Amino acid sequence: MRTSVLVMTLLLLLAGHVEVVDGKKNGKFNSSSGCGCHSGGAPSVTASLTGLPNAYVASTTYSLSIGMSSSPSTGGFNLAVNAGILSNPGSDAQVSSNGLQATHSGPNSHSWTVDWTSPSSGSGSIQFNLATVSGNGQSNTGGDGTGTLSTSIGEDVPSNTAPSATDLTLQPSVPTTSDDLMASYTFVDAEGDGESGTSFAWHLNDTLVPSQTNSILPSSATSKTQSWKVVVTPSDGANTGSAVESVPVTISNSPPTASNVQLNELEPSSSTNLTFTYDGEDPDGDDYTTEVRWHLNGQAVPELNNATVLPSLATRSGDIWEVQVRLSDGENASPWTASNNVTIASGNAAPIITQVNIASTGTVLTTDNLLLNWTSEDGDGDEITAHEVIWVANGQTISASEGMNPLVSTMTAKGESWQGLVRVSDGTSWSVWATSSSVIIENTAPSILTAELNSSTFTVKHALHLQYSTVDVDNDSVEVTEVVWTKNGVEQTALHDEMSIDPTLLTKGDTWSAMMTLSDGTSESSSTSSTITILNALPEVDIIWSENITSIEDLTPEIRTADADNDAVEFSTSWYKNGFRDASLDNASQVPATKLAPGQTWTLIVQASDEEATAALVESTHLIANMPPVASIVVASSQTWAGERVSLSAESSSDLDGDSLTYTWSWNEGTASGSMLVLIPLNEMTVTLTVTDDSGTTHSTNITLQPTIGPKVNALELTARDDGGIDLSWSWNGDDVSYNILRNGELIASVNETSYRDSPPMSGVNHYMIQPYDDERTYLAAVNEANVDVLMPEVETPEASAAAGYGIGAALLLVSIFMFNRTMRGGRAQ
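Residues numbered from 1 in each chain as written. Predicted model: local features only at pLDDT ≥ 70, side-chain atom pairs only at ≥ 80, totals over all residues. Heavy atoms only, no water.

> Before we move on, could you go through the overall build of the chain and cite the residues and values that matter?
Across its full length, the chain holds two helices and 61 strands. Taking the intrachain contacts of the chain between residues at least 6 apart in sequence as the baseline, contacts between residues at least 24 apart amount to 61%. As displayed, the chain offers around 44600 Å² of accessible surface, 49% of which is attributable to carbon and sulfur atoms. (Helix = DSSP H or I, 4+ residues; strand = E, 2+ residues; numbered from the N terminus. Contact = heavy atoms within 4.5 Å. Areas by Shrake-Rupley, 256 points an atom, 1.4 Å probe, with all protein chains shown as cover.)

> Describe the packing of aromatic side chains, with residues and values.
Here a ring pair, both rings aromatic, is described through the centre-centre distance and the interplanar angle of the planes. The final tally for this structure, using the stated rule, is 14 aromatic pairs. Ring geometry for Trp545 and Trp575: centres 6.4 Å apart, planes at 75 degrees, overall edge-to-face. In this pair, Trp545 sits in the loop between strand S42 (540-544) and strand S43 (558-562) while Trp575 sits in strand S44 (residues 570-577), placing the two residues 30 residues apart along the sequence. Owing to a relative accessible area of 0%, Trp575 belongs among the buried residues under this scheme. Through a chain of ring-to-ring contacts, the aromatic side chains of Trp641, Trp730, Trp732, Tyr739 and Tyr779 assemble into a single cluster. Taking the ring centre of Trp336 as reference, the NZ or CZ of Arg293 above it sits at 3.9 Å. Positioned over the ring face of Tyr779 is Arg777, at 5.7 Å from the centre of the ring. (Phe/Tyr/Trp six-rings, centres within 6.5 Å; stacked < 30°, edge-to-face > 60°. Buried < 20%, exposed > 50% of the residue type's maximum accessible area, 1.4 Å probe, protein only. Lys NZ or Arg CZ within 6 Å of the ring centre and 35° of its normal.)

> Talk me through the side chain of Asp426; I want residue IDs and the actual numbers.
Positionally, Asp426 belongs in the loop between strand S31 (417-425) and strand S32 (434-435). Comment: no salt bridge for buried Asp426; closest opposite-charge side chain is Arg423, at 11 Å. Within the structure, the side chain of Asp426 is placed 2.8 Å from the backbone nitrogen of Thr428, a separation counted as a polar contact. Reaching out from Asp426, the side chain makes a polar contact with the backbone nitrogen of Ser429 at a distance of 2.8 Å. Dropping the residues within four chain positions of it, Asp426 is found in contact with Asn348, Ala349, Pro351, Asp378, Asp382, Glu383, Ile384 and Thr385. (Lys, Arg positive; Asp, Glu negative; His and termini not counted. Salt bridge = Lys/Arg side-chain N within 4 Å of Asp/Glu carboxyl O. Polar contact = N/O pair within 3.5 Å; in protein donor to acceptor, adjacent residues only side chain to side chain.)

> Outline the sheet that holds strand S1 (residues 47-50), supporting the account with residue identities and numerical values.
Reading across from one edge, S1-S3-S8-S5 is the order of the four strands in this open sheet, with antiparallel pairing throughout. Because the sheet does not close on itself, it has two edges, and the strands there are S1 and strand S5 (85-87). If you compare each strand with its neighbour and ignore which way they point, the axes differ by 30 degrees on average. Note: S1 against strand S3 (residues 61-68), four bridges, orientation antiparallel. Counterpart to Ala47 in the pairing with S3 is Met68. (Pairing = 2+ DSSP bridges. Axes fitted to C-alpha atoms, helices over the stretch in contact; angles between N-to-C directions.)

Okay, structure coming up:
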């Protein structure tokens, strides 16, 4: 008794601690921590969730398996996650619309699958709550077991290694104030990350310069004697590495530079003192000194060092001189910079230009050539032997025009300002260049090359168009500013500025002309077209055929004529069949059907004329269409019986063109040709007939034969008589027929009754067949047949001699053979 009480107490205590889980056969959400309806006292089960990683990778899909420690006949689950997406549920599972829960969709499983896709990076720890139910399979909660599971996983976040910078130097290693300083280094990243966000800190004399943050320090930021270094902090965009510092460099002095050294006299004589000019600069702003040396015929003349003027006393005719300049700021000197070479001329006096101008009678247009005129004189009285001409447009020398005089108009453009320069020579010396006054190239009016009236026919059928061609040498855009039309010598003000005349405004015999004005925005040009006369419009013919023209009706096209001038129109016709003219149809408007046949081509040629002219021939061809045949099947047999012959006829098929037809039959078992077809149907069958006419056009139809059970010979009885004969009798369940009687496959008689007496010639088994026939068919399936054993009667013969016995036996044998052959040759019913 005590033991029973103790056991009951323990059971009650255990029942009080069972996790309660709610569930439904078709699933239940929001119960991943258990519920209160499945508490029937069964032992708890252990819920299992496999497929989760130790740490998840962001945006990665994992396949999860859900189960329990028992294998009940019914079960359910609810899985909930706080992030990511549940999807792709397996058999008997479903996922909530927000993708955060999964549950069973039916009660017949105890394990399930579902996919979980992890959230994006940075989502942190993910919580999974699972509840499972082990059902008792009895549609109640008694005896159910439950289990729960709760777990979480964190994100697998890979660590990043900071990059480093090595081999840092400043380039160039010995900079001057003219050089940009560049930080040169090697970027190293263990993960192979690209460089991103590396910082540069430039220090002047160990003091940070915040404004300089690029890898290059521009020369404009440096000065002589300054000390510069850079601190580089490498970065891969995620982490920054250790800062590295370069070795300082000192900005050195930049030497001054000399440029554009020029001798001031290009053609000096032996009486000319030579001077020069140059440009000097020191990047550091230092003062500098100038050194000068003179070269004669390529050799330095030390006596002239630092001379700023080469006196004429030091020169001779034919000498070649140059000057060289070098600058120094006290620390560095520039390279020697040489001038141009000049050759010392003789003491001849150069000629001079006394007057120069561009010949013009007024306005200079873009179509005008420019002619440069000048006068010259020579103080020594020397003859002028040569001249040179150059042209300048808008202050720029035009090299392509050197030597041209006159300057052709194709080289000028509207609005340009031109000057001519000329110099002359007496064979020894050239004069200085003389420059003319400027001339401005003015606009040239556009030119009308052609102005003419055009039309497709110059009749009232087509519009009249004013067409023109123009050219503007200034390449200005041009437009028509005025058009004046004249009809029969009278200006048509209503058509002012029109470029075309509508054909409705034209009348045969009228004369027309047009005057047009063009403008380029500055100048205008006008031109008048030649006069044209509106011509007679030829009449028009249109041939319209009916649709589906065949050979069984007259060929009657519709012939329509029109004349744009409203003149009276007459026409003639000609007919051609297959390319050959049929003279009997001249001027006929139709072809009678008696002349038509399928496949013919008929061409109608019509020629129309009005009061003044005859129009071109109008031709139209039409093909006489073939009319397709019509297939028709008639069942010639009165009845369609299974196993009996059925006759089908195609003779009711027709062709309206009168073509002869060929017939092709087809069915599942084969094909045949001819107008008649005989078949023996056993089951329902479809027969197709295709007819073809002389043109190869076909038409098909089909018929479905549905055979029924026909009459049959029944109750065939064979009775053997004592005399060796056989009595045959039978019955028939159809209309009146006759019967063929066959013994052993041979026809022995044809009768109209349902009985017959036969005397077979020989004993033994004989085979009989009763085959009915009538005027329509000989029956095949209606026959009946049977076997009978014929016993010939014994014949007692008187005693006789052996010889007589043999003779009689031979005679009887001969008679029997004769009777058998006669019987076998008996006629067969038709």
